[in-house]
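Chain residues, written in single-letter form:
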Amino acid sequence: MTFPYTKEVLEHFRNPQNVGKMEDPDGKGLEGSPACGDMVAVYLKVDPDTLVIEDISFESYGCASNIATASMITEMAKGKTLEEAKTITWKEAAHALGGLPPVKAHCSVLAVEGLRSAIRDYEEKHGMVVEKEATTVEIVSKRLKHVMNPMAGLDIIRTELVLKVMVEEGTVRIVLDIPSTHQFAAAIKEDIVDKLESLWDVESVTVDYIS
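Residues numbered from 1 in each chain as written. Predicted model: local features only at pLDDT ≥ 70, side-chain atom pairs only at ≥ 80, totals over all residues. Heavy atoms only, no water.

Named according to an unreviewed UniProt entry, the protein chain is Nitrogen fixation NifU-like protein originating from Methanococcoides alaskense.

Have a look at this one:
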């Protein structure tokens, strides 16, 4: 029986580069879900003058392909400008790893999306978004799909933790189906605010609870 992983994949799996959570990143992105089997978080430090990615790291939950592709993509992105890093494709990452089993191709897609999400986060926080779309309930709900419900391992939208989303004149209000005293209430609120406050036309984010 042929082993499904190349030596490059195994090397990055056993000795991943740039692994670990970054303190005070300039940009961060999260894609996937542990409940679905794979998740990648990407963190960036960016030179504000040159827009070069000076440092990058990742956290990964998943299989060998997930860890290896995240490791490879962070290596490919380090030292590049944000615009250059945006052009990195999952096919390039897979090729650099000597190929991935067909059923694992989504792992490289997930890592690339994590990188692009982190870049977008940086650009939004620094007013670099060219096409400014007015924030709507739909846009907010899409962002909330990246906020995890620790009790279920899925996002707070799919687990129906969000009772109401309201957007009005620069203010976003979220109502959650948990009490304010819940052990995860503060952490979920912090994640929600982090995901929404960078939207260009959002001035304040309020998170309320059922009691």
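From this point, the narrative continues.
With that settled, the discussion passes to the sheet that holds strand 7 (residues 171–176). The three strands lie next to each other as 6-7-8, forming an open sheet whose pairing is mixed. The open sheet has two edge strands with one neighbour each: strand 6 (162–168) and strand 8 (204–209). Put simply, the sheet's adjacent strands are angled 15° from each other on average, direction ignored. Taken together, the six bridges between strand 7 and strand 8 define a ladder with parallel strand orientation. (Pairing = 2+ DSSP bridges. Helix = DSSP H or I, 4+ residues; strand = E, 2+ residues; numbered from the N terminus. Axes fitted to C-alpha atoms, helices over the stretch in contact; angles between N-to-C directions.)

The subject of this paragraph is empty space enclosed by the protein. Summed over all chains, the structure comprises one cavity of 30 Å³ or more. Estimated volume of the largest cavity: approximately 40 Å³. Within the residue set of the lining of the largest cavity, elements represented by two or more residues are strand 2 (38–46), helix 2 (64–77) and helix 5 (105–125). Per-element tally for the lining of the largest cavity: the top contributor is helix 2, with three residues. (1 Å grid on protein atoms, 1.4 Å probe; cavity = no way out; pocket = protein on both sides within 12 Å on 5 of 7 lines; lining within 4 Å. Points joined across faces, edges and corners; volume = space filled by probe spheres on them.)

Here we come to the packing of helix 2 against helix 5. Where helix 2 contacts helix 5, the axes come no closer than 8 Å and their chain directions differ by 40°. The orientation of helix 2 with respect to helix 5, classified from their angle, is oblique. When you trace helix 2 past helix 5, the crossing you get is right-handed. Contacts between helix 2 and helix 5 involve Ser65, Asn66, Thr69, Ala70, Ile73 and Ala77 from the former and Cys107, Ser108, Leu110, Ala111, Val112 and Leu115 from the latter. Of the residues that constitute the contact of helix 2 with helix 5, the class distribution is eight nonpolar, four polar and no charged. (Parallel < 35°, antiparallel > 145°, perpendicular 65-115°, else oblique. Left-handed = near helix turned anticlockwise from the far one by under 90°. Contact = heavy atoms within 4.5 Å. Nonpolar A, V, L, I, M, F, W, Y, C, P; charged D, E, K, R; others polar.)

Further remarks concern unusual backbone geometry. A positive phi angle, close to 50°, is found at Asp24, a residue other than glycine. Along the chain, the position of Asp24 falls in the loop between helix 1 (7–14) and strand 1 (27–33). Positive phi, normally seen in glycine, also occurs at Leu51, with a value near 60°. Relative to the assigned elements, Leu51 resides in the loop between strand 2 and strand 3 (53–61). Classification of Leu51 by relative accessible area gives partly exposed; the value is 26%. (Buried < 20%, exposed > 50% of the residue type's maximum accessible area, 1.4 Å probe, protein only.)

Here we come to the UniProt feature "domain: MIP18 family-like" (unreviewed entry) in the protein chain. Those residues carrying the UniProt feature "domain: MIP18 family-like" (unreviewed entry) are residues 140–207 in this numbering. Each end of residues 140–207 is marked by a C-alpha atom, and these two atoms are 13 Å apart; helix forms 25% of the span and strand 31%. (UniProt positions renumbered as here; feature names shortened; annotations may be inferred.)

This part takes up the side chain of Asp47. In this structure, Asp47 sits in the loop between strand 2 and strand 3. For the buried residue Asp47, which engages in no salt bridge, the nearest side chain bearing the opposite charge is Lys45, 12 Å off. Excluding its chain neighbours within four sequence positions, the residues that come into contact with Asp47 are Val52 and Glu54. (Lys, Arg positive; Asp, Glu negative; His and termini not counted. Salt bridge = Lys/Arg side-chain N within 4 Å of Asp/Glu carboxyl O.)

Structurally, Ser57 is set in strand 3. Taking relative accessible area as the criterion, Ser57 reaches 8% and is therefore assigned buried. A polar contact is formed between the side chain of Ser57 and the backbone oxygen of Gly20, at a distance of 2.9 Å. (Polar contact = N/O pair within 3.5 Å; in protein donor to acceptor, adjacent residues only side chain to side chain.)

Turning our eyes to something else, we now look at the environment of Gly98. Within the secondary structure, Gly98 is located in the loop between helix 4 (90–96) and helix 5. Under the relative-accessibility criterion, Gly98 is labelled partly exposed at 46%. Ignoring anything within four residues of it in the chain, the contact list for Gly98 reads Thr6 and Glu8.

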